[in-house]
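Listed here are the chains, written in short residue letters.
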Amino acid sequence: MIKNSGLNVPVVTIDGPSGTGKGTVAARVAGRLGWHVLDSGALYRAFAYAARIKGVNPDDLQGIVDCDADSAIIFESIAGEVRIILAGEDVTDAVRSEEGGRAASVYAAVPAVRSILLARQRAARKPPGLVADGRDMGTVVFSDADAKIFLDASPKVRAERRYKQLKEKGFDVNLARLEKEIAERDHKDATRTESPLILAEDAFRVDTSHKSIDEVVEQVMGCIRSCLRVRPVKSTKPGIVT
Ligand code: DC
């Protein structure tokens, strides 16, 4: 296994299936700690978007390598919101759709894509610390993490959350179809050979089904404190790591 770089920089991992509130919780926890945040799903979504625009199929290894070389994925914080910029174009809304999630899940099962994005994710480990959310943060990317959290929720609650989120963003969604698509994507993410979504044996599992975001953040902060005895000292430059 490749050793992590930046071993002296603390990292907290937050893994789990879609619709568990990982992104929101990771951003809030990072804000409380004054640490950077890495949304690894956004990297997979942006990469899949770039590959599809270029017409690169998941089994086209050379195409995938070239696609990585040509695609500059940048996260920018604009008016307090994280925007995903791909080769200068704001693709946030396009990649955040359910279609974007489905495509990400397909390319994420390709070993070449995972190894290309691995270095990128590990490079995000910068002082004073990193909160990383995704599927394999605690099991593969930061297997030496200081605290590992696994967020879960019932499939029904997760579908309802995604439905609300997508509606708010103006997407035209159907709850029953969404529930089916989420179940399919979870199954794909959990059963692939390469870095499947699994609960790390040293992770804290938090069921968010009947909890507010505030309650989840408190519980997660409690887990982190018990693992790290970290004092949440604000850094001078918290932010998004690209
Ligand atoms: O977290 P998300 O829904 O934005 O992620 C989109 C897809 O990307 C997800 O279905 C699987 C893939 N992914 C992954 O395989 N590994 C990660 N660390 C993060 C996301």
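Preceding this paragraph is the structure being described.
Quick summary incoming for the structure in this document. (Residues numbered from 1 in each chain as written. Predicted model: local features only at pLDDT ≥ 70, side-chain atom pairs only at ≥ 80, totals over all residues. Heavy atoms only, no water.)

Among all residues except glycine, the phi angle is most often negative; among peptide bonds, the trans geometry is most common. The peptide bond linking Pro-127 to Pro-128 adopts the cis configuration, its omega dihedral lying at 5°. Mapped onto the elements of the fold, Pro-128 is located in the loop between α6 (111–122) and β6 (130–134). Of note in the backbone geometry, Ala-87 takes a positive phi value of approximately 45° without being a glycine. Tracing the sequence through the fold places Ala-87 in the loop between β4 (81–86) and β5 (89–90). (Helix = DSSP H or I, 4+ residues; strand = E, 2+ residues; numbered from the N terminus.)

What the 5 strands build is an open sheet, ordered β2-β6-β1-β7-β8; its pairing is parallel. With partners counted over all chains shown, the strands left at the sheet margins are β2 (36–39) and β8 (204–207), one partner each. On average, adjacent strands in this sheet sit at an angle of 20° to one another, irrespective of strand direction. Lying on the sheet, helix α2 (residues 40–53) is in contact with β2 and β6; it crosses β2 at an angle near 40°. (Pairing = 2+ DSSP bridges. Axes fitted to C-alpha atoms, helices over the stretch in contact; angles between N-to-C directions. Contact = heavy atoms within 4.5 Å.)

This brings us to the site of the ligand. In the vicinity of the ligand lie 16 residues, with Arg-45, Arg-114, Arg-135, Arg-185 and Asp-189 positioned nearest. Residue Asp-136 places a side-chain N or O atom 2.9 Å away from a nitrogen atom belonging to the ligand. In this structure, an oxygen atom belonging to the ligand sits 2.7 Å away from a side-chain N or O atom of Asp-189. In the complex, the protein chains occlude 96% of the 440 Å² of accessible area that the ligand would expose alone. For the shell around the ligand, the element with the highest residue contribution is α2, accounting for 4 residues. (Near = heavy atom within 4 Å. Polar contact = N/O pair within 3.5 Å; in protein donor to acceptor, adjacent residues only side chain to side chain. Areas by Shrake-Rupley, 256 points an atom, 1.4 Å probe, with all protein chains shown as cover.)

A few words now on the packing of α2 against α6. At a minimum axis separation of 11 Å, α2 and α6 run at an interaxial angle of 135°. If you check the angle between α2 and α6, you find them oblique. In terms of crossing hand, the pair formed by α2 and α6 is right-handed. Together, Ser-40, Leu-43, Tyr-44 and Phe-47 of α2 and Val-113, Arg-114, Ile-116, Leu-117, Arg-120 and Gln-121 of α6 make up the contact between the two elements. Taken together, the residues that form the contact of α2 with α6 break down as 6 nonpolar, 2 polar and 2 charged. (Parallel < 35°, antiparallel > 145°, perpendicular 65-115°, else oblique. Left-handed = near helix turned anticlockwise from the far one by under 90°. Nonpolar A, V, L, I, M, F, W, Y, C, P; charged D, E, K, R; others polar.)

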